[in-house]
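Secondary and tertiary structure notes
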Amino acid sequence: MGDSRIDKANRGKRVYLFGAGRSDGSAAMRDVLGGKGANLAEMASLGLPVPPGFTISTDVCTSFYANGRKLPDGLDAQVESALGIVGDAVGAAFGDARNPLLVSVRSGGRTSMPGMMDTILNLGLNDETVAGLAQQSGDARFAYDSYRRFIQMYSNVVLGVDHGVFEDILENHKNLGGFTTDTELSAADWQTVIAAYKEAVEAESGSAFPQDLRSQLWGAIGAVFGSWQNARAITYRRLHQIPDAWGTAVTVQAMVFGNMGDSSATGVAFTRNPSTGAREIYGEFLVNAQGEDVVAGIRTPQSLTEKARIEAHDDKPSLEALMPDLFRQLTEIFGRLEARYRDMQDVEFTIQGGKLWMLQTRSGKRTAEAALKIAVDLANEGVIGREEAVMRIEASALDQLLHPTIDPAAHKRILARGLAASPGAASGEIVFDPDEAEAMRAKGRDIILVRVETSPEDIHGMHAAAGILTARGGMTSHAAVVARGMGRPCVCGAGQLRIDAKAGEMTVGAQVLRKGDVITIDGATGEVLEGRVRMRQPELSGDFATLMSWADAARRLGVRANADTPRDARQARQFGAEGIGLCRTEHMFFEADRILAMREMICADDEAGRRRALAKILPMQRADFEALFEIMAGLPVTIRLLDPPLHEFLPHEEKEQTAVAEALGVPVARVRSRVRELHEFNPMLGFRGCRLAIRYPEITEMQARAIFEAAVNAAQRTSRPVVPEVMIPLVAYRREFDILRRLIVDTASAVEKETGARLSYQVGTMVELPRSALRAAEIAGGEEGAEFFSFGTNDLTQTCIGLSRDDAAPILESYVDRGVFEIDPFVSIDRDGVGELVRIGTERGREARAGLKVGICGEHGGDPASVAFCHEVGLDYVSCSPFRVPVARLAAAQAAISGSITPKEG
């Protein structure tokens, strides 16, 4: 059935069936059915073995929250009808004491949020139906194992009983019985555990575990809708910018069982390697288990393929060896799913009594490295086009490629080995508690979050951590999947570790490490190393270079870097920067060999004294600029003249003031007096930028001379033209610009006369104040107006919304939580306010000066959403930190492709 016919037929529906030869939906209906429901419907329509079920649409979730967490009228009748159809399809009935239909109840938003919302399995069991399941299946152990799992899940998700209560009961029973694994427990053991579980539920919740099956079903449906607003789901959506308004669907599906003995199993697989992108099946399975066992890390799973088993040095058989026919069938299905979705798939499956069932498919989470390889490979295989390959990569995810790795020559002392779950390396202090991890990160400390196993409740600590280490769990455990999605290095399943979080200790053999001790983890090898190990910077080539070349061919927007030092400039060129969009000259003054001369200038009594001090700084500035010009080799370099207030260069502690006075040979009283004179209540809006230059023009004269002399020297050495762009900061009035432009032009003329060289340069301004944006036509107009604008969106955001970013943290947090800001405006540009000023300034400036060059150089230059805005407004370039240059290049290409803009030439 075509999608349009499905949409028409389903108009007004709230419940959509799939499986057993029927499919009311398709993959195109993610907004209605969520990703899980849409993909189950699609697999069913492809004729794949999917257990039948139905999906309750996302609009029910919207209604649920709009009506005080009440489900809409009429839903119960649709659900009951669908439940009957599913029961007929599998030859069972919901609530039938002799042949009960059991179902799973799962969430499913439009975008995958692995582990963030709640799932309930084996619903439909009570004290009566469990006996029927035991008789019908001929396996009492399986039936009572399923019942105890259901009690534990339902009680935790619906009744709010902490899962640790059940884990303690089970561990106590195993210890008393001398059992090592869950599979050793008999039916009688499970019945004993179930009785203890029910007693615990009544003690914890104040009421008995529910035996009414309809109450169970509606309790589960309501709880899954309710989990859309649990703390971990809210955090995940905030981190991944997923709108709250989307809501989740709920899928109710007939259970199939991987825990029915040795001919049953459950597993998770990726059709390509999610860490490297290699075209190979990647995943794990467990015999005689349910799906939650694989991802929860309760048991260490087995490899799907023989190749993976050998590489892992595992003596347990792979699925390929243990069930070769089913493995071949699974491989064929993987091929069909990749062909249909044109992307790497993350698949869940169950084998029940030798029959394969597909429970889920979705586009798999992957590392940035894997995303690049998969996109490039799919394009080279002819599955997708180059522009689609560019669009497949999340621009901000490129940050994952830019982290250090362990230097191969570094000395390493290996403490333990685990699974290489997410690539990259990180060093930090050991922390066992996710709340403490978040608090320590807020203080600027690098930490490694160490857990026995992670759970969705740990997400905030995982986000704060530099890396994640777990003692249990496999490559598809919660820790591994979430770490890969976040770009955090992760080592899972390091079984040699003994972790006592309460005591704040981790034991490896005879060695005890405590909270605060430093370790290093290598997510590429699975090694856990003692202490801080030397790292190596990344080298970008291969698939990265290929994809970036496709991106560069598509984009219109130029990408420059904010670079103040030769090191920054070299790094920027390595990452593909097309020039320097912001060189902050004040950073050069803080070097130890020149700060004294700067302080001498500030403390001078008159212009002659200031000029003597500036003469000492001149050769240092000139050398700095020469290095930048030579590295950029003819590419544009925008140099901002001195911007910060002078008091920032003076010490404020008495001891340091005394030392400066001695070094300068002046009375300490003069230094202290100068500090008092320069003190400001609001320095950001005070004596800085062009205001400083107008008061002390000799500073601008020195800087302009350093720039132009450096341009002459660099051009002679490199035989490449150097065209510096001199940027005057904090201009609000045309007269400010005119005064300083005349000084710069006169200095250039003097250098030309002295050297005999002919200079080519531009003079422009940094637009940081609302007035300069509004009066852009005046500032850019005429032959002597500004030749370029660079929007300093850091300060423009502060002055537009009246909020200091240095003091804004508590305000921003509450404003984001309360929906005043969708996102921190210092992270992503405020389109309606700051963005409107950028738009106005650009339009008015270009009306006054045809071909006015316009860019931005604030932190927004490396934010993909802000880059897209700059493309829409028609800016010429963005400038960002060197490590964000690849992000900006890709984001600019994606903006051009999305807007169907003609690619730039060359």
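Residues numbered from 1 in each chain as written. Predicted model: local features only at pLDDT ≥ 70, side-chain atom pairs only at ≥ 80, totals over all residues. Heavy atoms only, no water.

1. Details of the sheet that holds strand β19 (residues 497-500)
Strand order in the open sheet formed by three strands is β19-β20-β21, and the pairing between neighbours is antiparallel. For this open sheet the edge positions go to β19 and β21 (511-514), each flanked by a neighbour on one side alone. In this sheet, adjacent strand axes meet at a mean angle of 20° when their direction is disregarded. Strand direction decides the pairing type here: β19 and strand β20 (residues 505-508), joined by four bridges, are antiparallel. Within β20, the residue paired with Arg498 across the bridge is Thr507. (Pairing = 2+ DSSP bridges. Helix = DSSP H or I, 4+ residues; strand = E, 2+ residues; numbered from the N terminus. Axes fitted to C-alpha atoms, helices over the stretch in contact; angles between N-to-C directions.)

2. Some points on the packing of helix α25 (residues 654-664) against helix α26 (residues 668-678)
The axes of two packed helices give the description: the angle between them and the distance between them. It is the contact of α25 with α26, at a shortest axis distance of 8 Å, that shows an interaxial angle of 120°. Of the possible angle classes, the one that applies to α25 and α26 is oblique. The way α25 lies across α26 gives a crossing that is right-handed. Along its contact with α25, which presents Glu654, Gln657, Thr658, Val660 and Ala661, the element α26 presents Val668, Val671, Arg672 and Val675. (Parallel < 35°, antiparallel > 145°, perpendicular 65-115°, else oblique. Left-handed = near helix turned anticlockwise from the far one by under 90°. Contact = heavy atoms within 4.5 Å.)

3. Some remarks on the confidence of the model for the protein chain
Here the protein chain averages 89 in pLDDT, and 95% of its residues register 70 or above. Within the model, pLDDT remains below 50 along residues 1-9, and this stretch shows eight contacts once partners closer than five positions in the same chain are excluded. Segment residues 901-906 is flagged for pLDDT under 50; beyond a separation of four residues in sequence, or across chains, it makes ten contacts in the model. (pLDDT = per-residue confidence, 0-100.)

4. Focus on the pairing of strand β4 (residues 103-109)
Most of β4 is tucked away, with seven of its seven residues classed as buried. Of the two faces of β4, the one carrying Val103, Val105, Ser107 and Gly109 and the one carrying Ser104, Arg106 and Gly108 are both buried. Bridge count for β4 against strand β5 (residues 119-123) is three bridges, and the pairing is antiparallel. In the sheet register, Arg106 faces β5, and the bridge partner there is Thr119. Bridge count between β4 and strand β6 (residues 248-254): seven bridges; the pairing is antiparallel. Following the sheet pairing, Ser104 is matched in β6 by Gln253. (Buried < 20%, exposed > 50% of the residue type's maximum accessible area, 1.4 Å probe, protein only.)

5. Comments concerning the sheet that holds strand β10 (residues 345-352)
In any sheet, the strands associate via hydrogen bonds between backbone groups, in a parallel or an antiparallel arrangement. Here five strands make up an open sheet; going across it, the order is β9-β8-β7-β10-β11 and the pairing antiparallel. Looking at strand neighbours, the two that pair on one side only are β9 (302-303) and β11 (355-363), the edges of this open sheet. As paired elements, strand β7 (residues 265-270) and β10 share six bridges and run antiparallel to each other. Its bridge partner being in β10, Thr266 is matched across the sheet by Thr350. Sheet strands touched by helix α14 (residues 324-341): β7, β10 and β11. Its angle to β11, the strand with the most contacts, is close to 30°.

6. Quick look at the side chain of Arg741
As for its position among the elements, Arg741 is in helix α29 (residues 734-755). Setting aside anything within four residues of it in sequence, one finds Arg741 in contact with Ile728, Val763, Glu783, Glu784 and Gly785.

7. Remarks on the pattern of salt bridges
Taken as a whole, this structure holds 65 salt bridges when the rule is applied. When the shortest N-O distance is used, the salt bridge between Glu429 and Arg445 registers 2.9 Å. In this pair, Glu429 sits in strand β15 (residues 425-431) while Arg445 sits in the loop between α17 (434-442) and β16 (447-451), placing the two residues 16 residues apart along the sequence. For Glu429, a relative accessible area of 16% translates into the label buried. You can call Arg445 partly exposed: its relative accessible area is 35%. Close ionic contact of Arg514 with Glu505 constitutes a salt bridge, the shortest N to O distance being 3.6 Å. Accessibility expressed as a relative area gives 45% for Arg514, which makes it partly exposed. Three or more residues joined by partner-sharing salt bridges are found here, namely Arg141, Asp145, Arg148, Arg149, Glu171, Lys174 and Asp182. (Salt bridge = Lys/Arg side-chain N within 4 Å of Asp/Glu carboxyl O.)

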